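Spelled out, the chains give:
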Amino acid sequence: MSAHPVRHFLADDDLTPEEQARVLDLAFELKQAPYDAKPLAGPRTVAMIFDKQTLRTQASFAAGIAELGGFPMLVDGALAGIGVRESVHDVARVLGRQASMIVWRTYAQARLEEMAEHAGVPVVNALTDDFHPCQLLADLLTVREHKQQLAGVTVAFVGDGACNMGNSWLLAGTTAGMHVRIASPEGYLPDAAMVERAAAIATITGGSATVGSDPLAAVTGADVVVTDTWISMGREDEAAARAEVFAPYSLTTALFEHAEPDAIAMHCLPAYRGKEIDAEVLDGPQSVVWDEAENRRHAQKAILTFLVQGAT
């Protein structure tokens, strides 16, 4: 048995500020020399389970695991029927004996936590309804590349603040010492407990977390402006109602002009031009969305390396 406790990455604040900085440093190093480090040589198998639609997550994890010398084992969530055909804890016990790590993109955070409780190997959150921490590591890496630092940088998130990206920006951003502003319509603000969680982190790092309903106030003077689709997976039936509610929160050219002149625009994709973001912003010179998408691979390689080294 390992002498070290098994570490997981289930939510953004599973990493301390120091650990987050170390993982981002490692991501930067791995990006410079993507084929040099082989901590998964063997190859070690990493189980990748996808219950939700995926493009960037599957592509970046599969490529990254292979580059680290490992084998990405794809587990079809629909075929496995996790929680239906077989309980989560039974699946965890099976996969924990077949793989050195488990990456899961699923719905309820509780399912992921149950997997981590019983797997006996590191479990990584590849997206749940509550958090998207691997995306945030990629986002922070991207901001650092373009702004040369994270601490003290102001980021505005406009749109659905109650979604996983809003939650993850609050936690990961404050962990990095950033000033995070969330602007969402009433009824779509982050949960108060999540804001308190971020504020507690900010007292340690010097960051801050501000939540409100004025997109102009959030974006004015921001160094980074972030948005996300208004229609999260599983909520497609709410599309028409949400389009009306969120229209004032669209990242238009006019709104983006209130940010700092050298501000960058971010979106974790898929994006719907003309809805949550103007095509002129998404495809414009200050957009870094393609860097952001690429950085999923480098950031995920770093967190996998961090976890496997801590578990051996």
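Residues numbered from 1 in each chain as written. Predicted model: local features only at pLDDT ≥ 70, side-chain atom pairs only at ≥ 80, totals over all residues. Heavy atoms only, no water.

Undergrad: Looking at this structure, I do not really get the nonpolar core. What am I missing?
TA: Proteins that are soluble and globular tend to have nonpolar side chains buried together. The biggest cluster of nonpolar side chains holds 56 residues, and the ones touching the most others in it are Phe61, Val143, Trp169 and Met178. Core analysis: the second largest hydrophobic core is formed by 20 residues, Val158, Ala218, Val225 and Leu269 among them. (Core = buried A, V, L, I, M, F, W, Y, C linked by side-chain atoms within 4.5 Å. Buried < 20%, exposed > 50% of the residue type's maximum accessible area, 1.4 Å probe, protein only.)

Undergrad: Explain the side chain of Gln20 to me, please; I cannot follow it from the model alone.
TA: Among the structural elements, Gln20 can be located in helix H1 (residues 17-32). Setting aside residues no more than four positions away along its own chain, Gln20 makes contact with Leu15, Leu137, Leu140, Ala172, Thr175 and Ala176. (Helix = DSSP H or I, 4+ residues; strand = E, 2+ residues; numbered from the N terminus. Contact = heavy atoms within 4.5 Å.)

Undergrad: I'm lost on the sheet that holds strand E5 (residues 154-158) in this one. Help?
TA: Within a sheet, neighbouring strands are paired by backbone hydrogen bonds and run either parallel or antiparallel to one another. Here five strands make up an open sheet; going across it, the order is E7-E6-E5-E8-E9 and the pairing parallel. The open sheet has two edge strands, strand E7 (208-212) and strand E9 (264-267), and neither has a second partner. Adjacent strand axes in the sheet meet at a mean angle of 20 degrees, parallel and antiparallel pairs treated alike. Relative to E7, strand E6 (residues 179-183) is paired through five bridges, and the arrangement is parallel. Each bridged residue has a counterpart across the sheet, and for Ala183 the counterpart in E7 is Gly212. In the packing of helix H6 (residues 133-147) onto the sheet, the strands contacted are strand E8 (224-227) and E9, and the crossing angle to E9 comes to about 165 degrees. Of the strands in this sheet, E5, E6, E7, E8 and E9 touch helix H7 (residues 164-175), which is tilted by about 165 degrees from E6. (Pairing = 2+ DSSP bridges. Axes fitted to C-alpha atoms, helices over the stretch in contact; angles between N-to-C directions.)

Undergrad: Before we go on, may I ask you to explain the sheet that holds strand E2 (residues 71-76) in this structure?
TA: Here we have four strands laid out as an open sheet, ordered E2-E1-E3-E4, and parallel in their pairing. A single partner strand is all that each edge strand has here, and the edge strands are E2 and strand E4 (123-125). With direction set aside, neighbouring strand axes in the sheet form an average angle of 25 degrees. By the bridge criterion, six bridges tie strand E1 (residues 45-50) to E2 in an arrangement that is parallel. Opposite Thr45, over in E2, you have Phe71 as the bridge partner. The sheet contacts of helix H13 (residues 289-310) involve strand E3 (101-105) and E4, and relative to E3 the element is tilted by about 140 degrees.

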